[in-house]
Amino acid sequence: MSEKLRKNLRNFMGEGVYDGFAIAKATSEHANLLQHNLRDSDVRECIIHGASPFRALMSGVREKGENYTCIIDGQPICMFGVNPIMNSLIGRIWLLGSYEIENRRRKFVRWSQSVVNYYQKQYYQLENVVPADHTDTIEWLEFLGFELMKPAIKLNSFKVFRFVRCKGDEILINKEEQPIQC
C-alpha cells in the first residue's frame, strides 16, 4: 500500500474505516448499547447537562449534525459528532465513550485529531463545555487545539470550562458569555 493511500485512511471523511476504527452513522441501536458502558466521567458529564446517558447519546442521533459511532469488534466504543448552532457558523462538538477508548488511547488520540480537523473545515467555531475537574479530558482538548475559556462558569451548579477552537483568530461569541445550549 502506498504512503499516500495509507495517509488518506487516517484522514477522517465520514463513514469508513480509519486506522482500525470502523465508523458508522450514529443510530438509536448504538445509543442503546453504549449507554450501559460509558466511562464514569462521561456519565457525570451527562448528569451535569441534566440528561441520562441514553438521552445524551440520542441527541446525537436526532439532531441535524453529522454524528457517528466508532465500532470495534461489533460493539460501539464511542459516539461523537458536531451539531450546528447559530446559523451553522458554530458547531457544538461532543463525544461520549466507553473505557475501550482508554484501552486504545494512543491510536484514539492520533485519530481524533483528524476528526476535529474534518469538523473544523465545516464550522468557523467548534465549542462545548467540559467539567473543570476532568483534567484528562482537558489535556486531550488542549492537544486537539481547543482553548479553555477561564474562569470556570457554572452549569447546573457544576464548574465547567467552555472550550473553543476557531478557523480564524476571532471567537464569534464573547469569551465571558455562557456556552450555547441546545
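Quick caveat: nothing in here was measured; it's all calculated off a predicted structure.

Draft legend 1. Here's a closer look at the sheet that holds strand β6 (residues 125-131). Pairing is mixed in the open sheet, where 8 strands are placed in the order β1-β2-β3-β4-β5-β6-β8-β7. The two strands at the open ends of the sheet, each matched to only one other strand, are β1 (16-18) and β7 (147-155). Each strand axis lies, on average, 30 degrees off the axis of its neighbour in the sheet, ignoring direction. Sheet analysis places strand β4 (residues 75-85) next to strand β5 (residues 90-97), joined by 8 bridges and oriented antiparallel. If you follow P84 over to β5, its bridge partner there is G91. This element, helix α6 (residues 105-122), spans β1, β2 (21-25), β3 (66-72), β4, β5, β6 and β8 (158-166) of the sheet and lies at about 25 degrees to β4.

Draft legend 2. Quick look at the packing of aromatic side chains. Considering all chains together, one arrives at 13 aromatic pairs under this definition. Here Y68 and F80 contribute two aromatic rings whose centre-to-centre distance is 5.9 Å and whose plane-to-plane angle is 35 degrees, an arrangement assigned as tilted. Placement of Y68 in strand β3 and of F80 in strand β4 is noted, with a sequence separation of 12 residues between them. The same class applies to Y68 as to F80, namely buried. Following the ring pairs from residue to residue traces out a cluster consisting of F12, Y18, F21, Y68, F80, F108, W111, Y118, Y119 and W140. The ring of F161 has K150 sitting right over it, with the charged end atom 5.5 Å from the ring centre.

Draft legend 3. The arrangement of the side chain of R162 in detail. Relative to the helices and strands, R162 resides in strand β8. Judged by its relative accessible area of 2%, R162 is buried. There is a polar contact of 3.0 Å between the side chain of R162 and the side chain of E127.

Draft legend 4. Geometry of the pattern of salt bridges. Taken as a whole and judged by the stated rule, the model has 6 salt bridges. Taking the shortest distance from any N to any O, the salt bridge between E100 and R104 comes out at 2.8 Å. A relative accessible area of 26% places E100 in the partly exposed class. On the accessibility criterion, R104 (29% relative accessible area) is partly exposed. Taken together, the shared-partner salt bridges in this structure form one network comprising R39, D42 and E102.

Draft legend 5. A look at the confidence of the model for the protein chain. In the predicted model, the protein chain carries a mean pLDDT of 87, and 86% of its residues have values of at least 70. Helix α1 (residues 3-8) is the least confidently modelled element of the protein chain, averaging 43 in pLDDT, while helix α2 (residues 28-34) averages 97, the highest of any element. Note that residues 1-9 has pLDDT below 50 and, in this model, 6 contacts with residues that lie over four places away or in other chains. Segment residues 178-182 is flagged for pLDDT under 50; beyond a separation of four residues in sequence, or across chains, it makes 16 contacts in the model.

Draft legend 6. Summary view of the side chain of H30. Looking at where H30 falls in the secondary structure, it is placed in helix α2. Residues in contact with H30, not counting those within four places in the same chain, are A24, K25, T69, I71, P76 and M79.

Rules used in this analysis
- Residues numbered from 1 in each chain as written.
- Predicted model: local features only at pLDDT ≥ 70, side-chain atom pairs only at ≥ 80, totals over all residues.
- Heavy atoms only, no water.
- Pairing = 2+ DSSP bridges.
- Helix = DSSP H or I, 4+ residues; strand = E, 2+ residues; numbered from the N terminus.
- Axes fitted to C-alpha atoms, helices over the stretch in contact; angles between N-to-C directions.
- Contact = heavy atoms within 4.5 Å.
- Phe/Tyr/Trp six-rings, centres within 6.5 Å; stacked < 30°, edge-to-face > 60°.
- Buried < 20%, exposed > 50% of the residue type's maximum accessible area, 1.4 Å probe, protein only.
- Lys NZ or Arg CZ within 6 Å of the ring centre and 35° of its normal.
- Polar contact = N/O pair within 3.5 Å; in protein donor to acceptor, adjacent residues only side chain to side chain.
- Salt bridge = Lys/Arg side-chain N within 4 Å of Asp/Glu carboxyl O.
- pLDDT = per-residue confidence, 0-100.

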